[in-house]
Amino acid sequence: MTENEKANVRLGTVIYGSLTQGVHVKLDPARSVEDVTVGRYVAIQGEKKRFFGMITDISLEAVDPRAMVMPPDISDPFIAKVVCGTTTYGKLSVLPMLTISGIAGDTEGPQPAKTVPPHFAGVELASQSDVEMVFGKEDKQRFYVGTPLDMETRICLDMEELVKRSNGVFGKSGTGKTFLTRLLLIGMLQKSRTTSLIFDMHNEYGWEGTSEKDHKVKGLKQLFPGKVAVFSLDEKYDQRRKVKSDFVVKIGYDEIEPEDMQMLRSVLNLTDLAVQAVYELARHFGDDKWLQSALDLFDSGDKEFASNHDIAESTWKNLLRGLRMLQRFKFLVPHAPENTVTTILEYISHGKSVVLQFGGYDDIAAYVLVANLLTRRIYDRYREMVDIATSADTKKPDQLVITIEEAHRFLSPEISSQTIFGKIAREMRKYNVTMLVIDQRPSGIDEEVMSQLGTKITCLLDNEKDVDTVLTGVSGKSELKAVLSKLESKQQALIFGHALPMPVVVKVREYGSADSYKELGPTSSGEKAHKTDGLDDLWG
Amino acid sequence: MAVEQKIAEVIETSNSEFLAECYDLDSVPALGSMVRTKGKGCQIYGIVYTSATHSIEPGRRIAARGKAAASEADVFKANPQLAKLLCSDFKVLVVGHSPDKAIYQYLPPSPASIYSFVYACSPVEVKQFTQSLNFLNLIIESRSTVAPDEVIAAFLRYASLTHPAPEEFLVKAGKELAWTLSNDIRRLDSILKRLQP
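Given the structure is predicted, the values throughout are model-derived calculations rather than measurements.

**Details of the environment of Phe155(B)**
Residue and element names in this part refer to chain B. Mapped onto the secondary structure, Phe155 falls in helix α5 (residues 148-160). Overall, the relative accessible area of 0% leaves Phe155 in the buried class. Residues Phe155 and Leu31 lie 124 residues apart in sequence; the distance between their C-alpha atoms is 7.6 Å. Apart from the residues lying within four places of it in its own chain, the contact partners of Phe155 are Gly32, Met34, Ile47, Val126, Thr130 and Phe135.

See the structure below:
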């Protein structure tokens, strides 16, 4: 057990500071700087208020600067003991973020701190009850995501509140983004009425994924068999993995519109002129026939169309190469037997979340094409449904969260204004559709989109630009920067934004052990009936 | 309780210090030891900061007498009058007083009474007095003694032995000194070096 299980472990006293820069706390001589870490929570008891803040920096000071250039003889352990904490002392920088309660009996919830504690106010490590007061207890709506550093208290996210806005999960490769996302998706399934549409590029969410230690961890379908459907783009992959998917997705050529090609421009290496040519083709043959017609033209070697429409030979070839790449995707067929969008919406309207597994198509082109194409149509339909519900004054459809990976491919500044994802991030909140974007290069994402993300969850990032982008617009940015760059490379994340009263560094809860599944399954009694130990056999 | 043995008598007194003459020649208390005497309505505590043995007449210098003697003791045997012509005395820096049971580590309202008896403090008294160390700056700031650092170190060394955890006491005292001497690291360093037995 950690030492702050014991309530009120005193750290020191406030000596000076400001609201914007944070207050400075002189560490008590009995405390060593090595006992405290950046990112830990402290409570400062003022005369009228109790402040809640985070340690953002730790420094070494001396009462007399001469002591640093001509230090006492600290090779003598006795002298070292004496001067430590007196002549030289540790100083903490603490950012007071909230006032958690006034004098005893005040039941007001946490409020943003608008002042600082007075001189020489006592500073303690935050107790369990302080943390609970700030982040709330696990309940019907709150999902436990992890514990603060060196504490056992559970940090909970209000899932209903979280999904109301688009959110982001960031972090370098291998820092646990996937695990974190899986947990968030479970939280949504468990604690809110949200349905999710997950574009699962690497087949990690629906069925078993593998942890970094190479052991298998359960996917959403295994934990919530009644609430999750697995769609697949790649039957062969399913057969190989012995996975039974609920629906095999086929996309007809007639479903691909010129806007989709615009999105694919960079991944297919198309020139601007080639994209223009696509629009030209669509104008001539119609939005639903252009692709088939273009492929026919290429097959027949007919160059008349190109010359009639002033399309240069190089552009034509560029387009040909791009379209041939698309043709390699087996899920693209001239005519799809069933409409995927309708099927997805059907599942969603029944409250089932859909995980779309890409199987062997882990090509970014396939991902961009499918995610964009489906989302655009779902967006249109959802919008229609919400509009109808609004005008008829009936219940709006449940919140839908669309999860995309490699988000910078969809939300880069060049294309975010044109893609559907940019639009969702900016305005779809009104239509009950939000996004969960997952990315390892947040600096590649449009600033405007970043600024609209409600809650950001970020694992370790060490690129200066990425860190800056993620923290744009957060108060106490420079302090958080220090915290962010010191995160451990595994299982730690900084969470801040709409769903939390203040930024928090958490040790992400465990996922993957038999014990962890006990708490991660469905909570409603109806779902529990499905959840048996023989589940794997049933589906395996 | 054993009857306390008086060791000297106050012969010169002021608010901040007093001079006491020993009853026996050459039996002055150790530098930095703690003594107690009486003031008006209170006990006065002090620390010995210097001691001397000299002629009782200021104008009369002591001459060497031991050229023919085999040992130093023989000098006194051969000159029994010396015990009457010489005297030992010591100066004490007042560091606190106790009008009742409580001890106050600041100067008493009035000086020690003249001719009041001086007693060496017992280890229990020293331990009790040093529960708090606020008096240290009275010694540090003292202008009377030429070597206040020596006095502090000697007293703390002695006092530490009356505590169950001497080293812990010394660290606590050291920290107290470090606060007071925060602008004089060299001096702090030199005192700290003398604190260890």
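The structure having been displayed, the exposition proceeds.
**Observations regarding the packing of helix α9 (residues 272-285) of chain A against helix α10 (residues 290-300) of chain A**
Residue and element names in this part refer to chain A. Two elements in contact, α9 and α10, have axes whose closest approach is 9 Å; the angle formed by their N-to-C orientations is 105 degrees. The orientation of α9 with respect to α10, classified from their angle, is roughly perpendicular. Two secondary-structure elements touch here, α9 through Val278, Leu281, Ala282 and Phe285 and α10 through Trp290, Ser293, Ala294 and Leu297. Here the contact of α9 with α10 is built from residues that sort into seven nonpolar, one polar and no charged.

**Side note on the pairing of strand β20 (residues 433-439) of chain A**
All names here are of chain A. For β20, the buried fraction is high: seven of the seven residues fall into the buried class. Residues Val433, Met435, Val437 and Asp439 of β20 are buried on one face, and the alternating residues Thr434, Leu436 and Ile438, pointing to the opposite face, are buried as well. Sheet topology places strand β19 (residues 400-404) next to β20; five bridges connect them, and they run parallel. Bridged to Val401 within β20 is Thr434.

**A word on the side chain of Asp64(A)**
Turning to its location among the elements, Asp64(A) is positioned in the loop between β4 (50-62) and α1 (66-69). Of the residues examined, Asp64(A) reaches a relative accessible area of 8% and is grouped as buried. For Asp64(A), the contacting residues outside a window of four places in its chain are Ser182(B), Asn183(B) and Ile185(B).

**A closer look at the sheet that holds strand β2 (residues 17-22) of chain B**
All names here are of chain B. Taken in spatial order, the six strands close into a barrel running β1-β2-β5-β4-β3-β6, and their pairing is antiparallel. Averaged over all pairs of adjacent strands, the angle between their axes in this sheet comes to 40 degrees, without regard to strand direction. Of the pairings in the sheet, the one linking strand β3 (residues 34-39) to strand β4 (residues 42-55) comprises six bridges and is antiparallel in character. The partner of Met34 across the bridge, within β4, is Ile47.

**Digging into the sheet that holds strand β11 (residues 195-200) of chain A**
Residues and elements named next belong to chain A. The 12 strands lie next to each other as β9-β8-β23-β22-β21-β10-β20-β19-β11-β18-β14-β15, forming an open sheet whose pairing is mixed. Of all strands in the sheet, those with a lone pairing partner are β9 (155-158) and β15 (247-248), marking the two edges. Inspection of the sheet shows strand β22 (residues 492-497) paired to strand β23 (residues 504-508) by four bridges, in the antiparallel sense. Across the sheet, residue Gln492 finds its bridge partner in β23, namely Lys507. In the packing of helix α3 (residues 128-135) onto the sheet, the strands contacted are β8 (142-148), β9 and β23, and the crossing angle to β9 comes to about 10 degrees. Of the strands in this sheet, β10 (167-170), β21 (455-458) and β22 are in contact with helix α18 (residues 464-471), which crosses β22 at around 35 degrees.

**Some remarks on the packing of aromatic side chains**
Using the criterion set out here, one finds 13 aromatic pairs over all chains in the structure. Summarising the aromatic geometry, the rings of Phe231(A) and Phe247(A) are spaced 5.0 Å apart at their centres and angled 40 degrees between planes, so their arrangement reads as tilted. Here Phe231(A), found in strand β14 (residues 228-232), pairs with Phe247(A), found in strand β15; they are 16 residues apart in sequence, far enough to count as distant. In this structure, Phe231(A) and Phe247(A) share a single accessibility class: buried. Geometrically, the ring pair formed by Tyr104(B) and Tyr106(B) is tilted, given 5.7 Å between the ring centres and 45 degrees between the ring planes.

Rules and cut-offs
Residues numbered from 1 in each chain as written. Chains lettered and ligands numbered in written order. Predicted model: local features only at pLDDT ≥ 70, side-chain atom pairs only at ≥ 80, totals over all residues. Heavy atoms only, no water. Helix = DSSP H or I, 4+ residues; strand = E, 2+ residues; numbered from the N terminus. Buried < 20%, exposed > 50% of the residue type's maximum accessible area, 1.4 Å probe, protein only. Contact = heavy atoms within 4.5 Å. Axes fitted to C-alpha atoms, helices over the stretch in contact; angles between N-to-C directions. Parallel < 35°, antiparallel > 145°, perpendicular 65-115°, else oblique. Nonpolar A, V, L, I, M, F, W, Y, C, P; charged D, E, K, R; others polar. Pairing = 2+ DSSP bridges. Phe/Tyr/Trp six-rings, centres within 6.5 Å; stacked < 30°, edge-to-face > 60°.

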